[in-house]
Amino acid sequence: MESSVPQRLELRGITKSFPGVLANDHVSFSVAPGEIHALLGENGAGKSTLVKMIYGIMQPDEGEIRWNGQPVVIANPKAARRLGIGMVFQHFSLFEALTVLENIALGLDMSVPQRELESRIRDIMQAYGLKLEPHRIVSTLSVGERQRIEIVRALLLDPSLLIMDEPTSVLTPQEVEQLFVVLRQLAKEGCSILYISHKLNEIKALCDTATILRGGRLVDTCDPRVETSRSMAEKMIGSSLKTIVKPEGRTFGAEKFVVKGLSMPALGHFDIPLRDISFSVRAGEIFGIAGVAGNGQNALLLALSGEEPVADAAAITIDGEPLGTLDAKSRRLKGLASVPEERNGHAAVPDFSLSDNSVLTARDRRRLAVSGILRPGAARKYTGEVIKAFAVKATGTEATAGSLSGGNLQKYIMGREILQRPGVLVVNQPTWGVDAGAAAAIHQELIDLAAAGSAIVVISQDLDELLSLCDTLAVINEGRLSRSMQVGEADIEEIGLLMGGIHGEGEAVHAVEA
Amino acid sequence: MRWRLEKRQEPSKLLQVLAPVGAVLLTVVLGAIIFTLLGYDGVGAVREIFLTPLITSYKWQDLAVKAAPLIIIAVGLSISYRANVWNIGAEGQYIVGAIAGTGVGILTNSMTGWWIMPLMMLAGMAGGAAYASVPAFLRVRFKVNEILTTLMLSYASVYLLNYLLACPYKSPTSMGQPQTVMFSADQSLPYIIPGTIVQLNAPIAIVVALIAWLVFSRFVFGFQIRVVGTAPHAARYGGFSADRTIWLALLISGALAGFAGVLEAMGPVGRLILQFPANYGFTAIIVAFLGRLHPLGVVLAGLAVAVTAVGGEVAQITIGLPFAAVGIFQAMMLFLLLGSDILVRYRFRSVRHGSVAA
């Protein structure tokens, strides 16, 4: 019986290379009808390239794609959709100023009368429990709701294979659960799902099969329900995972970094203003700020780092000393270091050598420049220390920052700040787009810095990261910060609701607040 | 089969050096073709413009005279352009610098002393910087595009010069000519090579370029200019103020343009006259780019452009080429350089139809 039903999708020896990289090296696997198949791998493992070839955005250099047993050439996304392949991208392509209905109509290959389209959309939403108001303007919707538009758009084509690219990276825990319900229902109806992610517990909860890629090669195809998260992670990174050592029973010192009533108007048109943010971090404590992307995290980092000084000097203090009005350079001299989310062009200058990038933030604290004159020797020496202490893979201190991989550049940036021994360190998304090995190393360094008596603030959209790393936690939503919670006592349900804020889950949040 | 521009993984180092050379060579070839088509002796024009000044030893001093102001202005412009501040009004700052320095010169015309010349130079720099401070203020305070303001102010400066020469600056002994008094011996740049017209401004240009090179490579200020120009967010993160950088870039480029202006008045011209503006401020834009915005590259580029200027004068006399022809050659050089810059960062690749993403 089993052999008589052809596989929905089968890849045979797919190879794709770009100048300087072999993105996929003879990758073969297959997806059965109704199967939820995980495609697992670190950043740069070749997942996206593989999926782009399945969806017709790129063509393989070698190998064969079979669809329901027949070899096919998928010339472009339109051809993919005609075969019955739908895709929900990680970054949505929606027009902010148009309604849900208009956005869906624009994305269709053929034109459908509006009334008919609306009734079909309502049918789909009804069938899968996707709550969405067709006449709402997209700019008023939460990220979770926007994703639902993309899912509805894909389902309108009645696909028999749905590709989901990192769908949960922008969702609250509750939204993730709702998404899984929809995906399971689709699978039960016979639609295959190719689920791309690097979140192991999600894959264990959702998927029937997992194909693991590393460095463009297929490492293993396994059953995630019998594997442990750890065993899959080790296959993904190709070495055994270092356990993070967090000293037990740590004691915290006095309040070191205090933010009180910090407000800042929106910086740009689509930016979020900061509203009355207050929290305090003790010496030795790691304070986490959770939240869905786009809720004021970037503005908060700019305000804390000094890139956007605020009017009220007392809004930000270190050891009681006010520094709200100071710029980044002066705050660094007072012991406040920071790492923004964007590595290229913000935390580091890609065209500059690592030595020059060290001058960018360490010139005063490490005396890489004295009375306005650079000391290139000192800069090289300090950069060498960073490279050595943080195991940065680079050709040397004169390698350009842009030539490093994301993980290595992040290790360098974190090392550059940590070796300055700041009293306070504020980081935004410290392990975003970083491989698991580098992420573990960065986490360990943060814990060690805290153990040495620094106060640390970690802003992250990865709740698991915050729960394993931080002592205290608060949630940012729409530029407002929730009360602080001890991580040991924190209730995931409540954190999820706070992350959802007034968007989407409005009633539930009011219930919690009451 | 068709061609597509594709970004290189890393800009080609070799092409970065070859691009200016290639641009000059292409200018020579295209220039010869264009002027032949226009009915001139195209090959002869190219020979007179690019070769004669180099192989005729008595023309070398002319090169020094033309190159000095170009280099001084272009060094300032490359500092400004590196910071992504587009000062294209160096011509105006050059004129106002000369006006300010000449003002001191008129007041001190009957005096003697070693201090007069440095004072005039300082006044020239201050004048150029002050004139550049207007666009700096408008840009920082009201976000007014400095490309427009610097350019417009350079036209205004010509009228300021005309007014001053017609009235307050006019020499009492000029018999009605709109010109100032001749500068005295203590106000004129000394000749440094006996028997030539090479004056002190030539070595000064080299020194200015060397100092700028040192500042770029060894001073936090040069670092700041580079960071603000390439990665403004990183600059703010590193604690460098974008506004302060705009101010400094415009003040420095303005001061150097003004410095070049006063040196020109104290040197080759000897006084301020109506014909004083000689487009050095605009030509220096070409020099700055041809020199890759690098102070030492600017020295070479300044000499190269001076060759075309001197050669243009030769060609006017020998084969009757119009004076505007030099401008065409210089513009072609800039155009081809900017064009070849694309090839440094990108390359052409042939693609088959159908394999492009829909």
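So, how was this worked out
Per chain, residues are indexed from 1 in the order of the written sequence. Each chain is given a letter, starting from A, and each ligand a number, starting from 1, according to the order in which they appear as written. At least 70 in pLDDT is required for a residue's local features to be given in this predicted model, at least 80 for side-chain atom pairs to be given and counted, and no such filter applies to totals for whole chains, interfaces and linings, which use all residues. Secondary structure counts use DSSP, requiring at least four H or I residues in a row for a helix and at least two E residues in a row for a strand, with both numbered from the N terminus. For this measure, only C-alpha atoms enter the radius of gyration; the expected value for a globule follows 2.2 Å times N^0.38, where N is the number of residues. Put plainly, a residue is buried at 20 or more neighbouring C-beta atoms within 10 Å of its own, exposed at 12 or fewer, and partly exposed in between, counting only other residues' C-beta atoms, which are placed from the backbone. Domain ranges listed in this record stem from an automatic or a database domain assignment. Basically, the charged four are Asp, Glu, Lys and Arg, the nonpolar ten are Ala, Val, Leu, Ile, Met, Phe, Trp, Tyr, Cys and Pro, and anything else, Gly included, counts as polar. A pair of strands is considered paired only if DSSP assigns at least 2 bridges between the two. Each residue after the first adds 1.5 Å to the expected span of a helix. Working definition for bend: take the seven residues up to and ending at a residue and the seven starting at it, fit an axis to each, and measure the angle between the axes. Residues enter a nonpolar core if they are buried, belong to Ala, Val, Leu, Ile, Met, Phe, Trp, Tyr or Cys, and are joined to the set through C-beta atoms within 7 Å. The contact criterion used here is simple: two residues whose C-beta atoms, placed from the backbone, lie within 7 Å are in contact.

Examining the overall build of chain B
Per the secondary structure count, chain B includes 13 helices and two strands. Expected size for 358 residues packed as a compact globule is a radius of gyration near 21 Å; at 22 Å, chain B falls within 12% of this value. Along the three orthogonal principal directions, the C-alpha set of chain B runs to about 80 × 55 × 35 Å. When the 358 residues of chain B are sorted by exposure, 47% land in the buried category.

A look at the domain arrangement of chain A
Residues and elements named next belong to chain A. Looking at chain A, the domain boundaries give domain 1 (2–237) and domain 2 (255–513). For domain 1 and domain 2, the distance between their C-alpha centres works out to 33 Å. Contributing elements (two or more residues each) for the side of domain 1 that touches domain 2: α5 (143–155), α6 (173–188) and α8 (229–237). Across the side of domain 1 that touches domain 2, the residue classes break down as six nonpolar, six polar and two charged.

Here we look at the pairing of strand β4 (residues 62–67) of chain A
Residues and elements named next belong to chain A. Two strands pair when backbone bridges link them, and strand β1 (residues 9–18) and β4 are joined in this way by five bridges, in the antiparallel orientation. Bridging from a neighbouring strand, Leu11 pairs with Ile65 of β4. Note: β4 against strand β5 (residues 70–72), three bridges, orientation antiparallel. Note that in β5 the partner of Arg66 across the bridge is Pro71. From the end of β4 to the start of β5, which pair antiparallel, there are two residues, and Asn68 there has a positive phi angle of about 50°.

Examining helix α10 (residues 242–269) of chain B
All names here are of chain B. Spanning 28 residues, α10 covers 39 Å between terminal C-alpha atoms, matching the ideal 40 Å at 1.5 Å per step. Of all bends in α10, the biggest is about 30°, found at Leu263. Burial within α10 is extensive, with 21 of its 28 residues counted as buried. Looking one or two residues past α10, Gly270 carries a phi angle of roughly 85°, positive in sign.

Some details on the nonpolar core
Within the largest apolar cluster, 252 residues are counted, with the highest numbers of intra-cluster contacts made by Ile71(B), Ile73(B) and Ala74(B). Taken domain by domain, the makeup of this core includes at least three residues from each of domain 1 (2–237) and domain 2 (255–513) of chain A. Each residue touching Ile71(B), except ones within four places of it in the same chain, is listed here: Ala205(B), Ala209(B), Val298(B), Val299(B) and Gly302(B).

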